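Residues per chain, in single letters:
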Amino acid sequence: MADSVNVLVICGSLRKGSYNAALTRALPALAPPEIKLVTAPPLDAFPLYNADIQESSGFPPAAENLAAAIRSADAVLFVTPEYNWSMPGVLKNAIDWVSRMKDQPFKEKPVAIQSCSQGPLGGARMQYHWRMSMTFLNAFIFGTPEIFVGNAQTKFDKDTLELKDQPTKDIVKTQLAAFAKFIAKMKA
Ligand SMILES: Cc1cc2nc3c(=O)[nH]c(=O)nc-3n(C[C@H](O)[C@H](O)[C@H](O)COP(=O)(O)O)c2cc1C
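Caption draft 1: The arrangement of the overall build of the protein in detail. For the protein, the count of helices and strands is 6 helices and 6 strands. A compact globule built from 188 residues would reach a C-alpha radius of gyration of about 16 Å, and the protein, at 16 Å, matches this within 12%. Its C-alpha atoms put the protein at 50 × 40 × 25 Å along the principal axes. A buried classification covers 49% of the 188 residues belonging to the protein. Taking the intrachain contacts of the protein between residues at least 6 apart in sequence as the baseline, contacts between residues at least 24 apart amount to 80%. Surface summary for the protein: the accessible area is close to 9,500 Å², and the carbon and sulfur share equals 54%. Side chains of the protein give 20 positive and 17 negative charges; the mean places of these two sets differ by 3 Å.

As structure tokens, this is what we get:
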């Protein structure tokens, strides 16, 4: 078996009934054995980004915790909805905070993304905004296959939120196997 790698999973939805959070719960069964998934600290503990806070009292604990989790991971996987064709504010806010750190933690970090939305395109437009931010932060961005879980309300069990859709499971499995290889190459 290939060397194991820790992949930090950041979910961009805070909602209890979130399809994206439901997708994160399906990942352990779909990941190759060498990937160990680690859940990121919650994003709702972040204050709104304000340089005055940073200057007067330093980075808030939520930002320090997330940065530490990113630094200690081999790679990061984002699983997030699209809001108004872009990243949800809570996710962008968290990225903005850690991006202001010395040795910002996304530098040369392998990153990949998956998105679920209740619209037909599955968050595709948001993913290109995310790619722009990750490019600026010099992350190593995984390419394809892309995961766009459109019409998510038809792909998860209505009561348990278990992922039911076999084609979605298959493509997620393919992406995670390819991401594991990508991480290994980036680390070599
Ligand atoms: C503020 C807001 C903006 C949204 N904008 C989009 C959008 O641009 N594209 C889209 O497909 N769905 C959009 N939606 C619908 C989301 O796809 C849907 O709420 C989804 O379930 C959110 O993800 P979650 O289930 O993980 O919370 C939006 C929802 C909210 C609350």
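Still to come is the rest of the account.
Caption draft 2: Fine view of the site of the ligand. Around the ligand there are 13 residues in total, and Ser13, Arg15, Ser18, Asn20 and Glu82 lie nearest to it. A distance of 2.9 Å separates an oxygen atom of the ligand from a polar backbone atom of Tyr19. Interatomic distance of 2.9 Å between a side-chain N/O atom of Ser117 and an oxygen atom of the ligand. Alone, the ligand offers 620 Å² of accessible surface; in the complex the protein occludes 72% of this. Residues of the shell around the ligand, tallied by class, amount to 4 nonpolar, 7 polar and 2 charged.

How each quantity is defined
- Residues numbered from 1 in each chain as written.
- Predicted model: local features only at pLDDT ≥ 70, side-chain atom pairs only at ≥ 80, totals over all residues.
- Heavy atoms only, no water.
- Helix = DSSP H or I, 4+ residues; strand = E, 2+ residues; numbered from the N terminus.
- Rg over C-alpha atoms; globule rule 2.2 N^0.38 Å.
- Buried < 20%, exposed > 50% of the residue type's maximum accessible area, 1.4 Å probe, protein only.
- Contact = heavy atoms within 4.5 Å.
- Areas by Shrake-Rupley, 256 points an atom, 1.4 Å probe, with all protein chains shown as cover.
- Lys, Arg positive; Asp, Glu negative; His and termini not counted.
- Charge placed at Lys NZ, Arg CZ, Asp CG, Glu CD.
- Near = heavy atom within 4 Å.
- Polar contact = N/O pair within 3.5 Å; in protein donor to acceptor, adjacent residues only side chain to side chain.
- Nonpolar A, V, L, I, M, F, W, Y, C, P; charged D, E, K, R; others polar.

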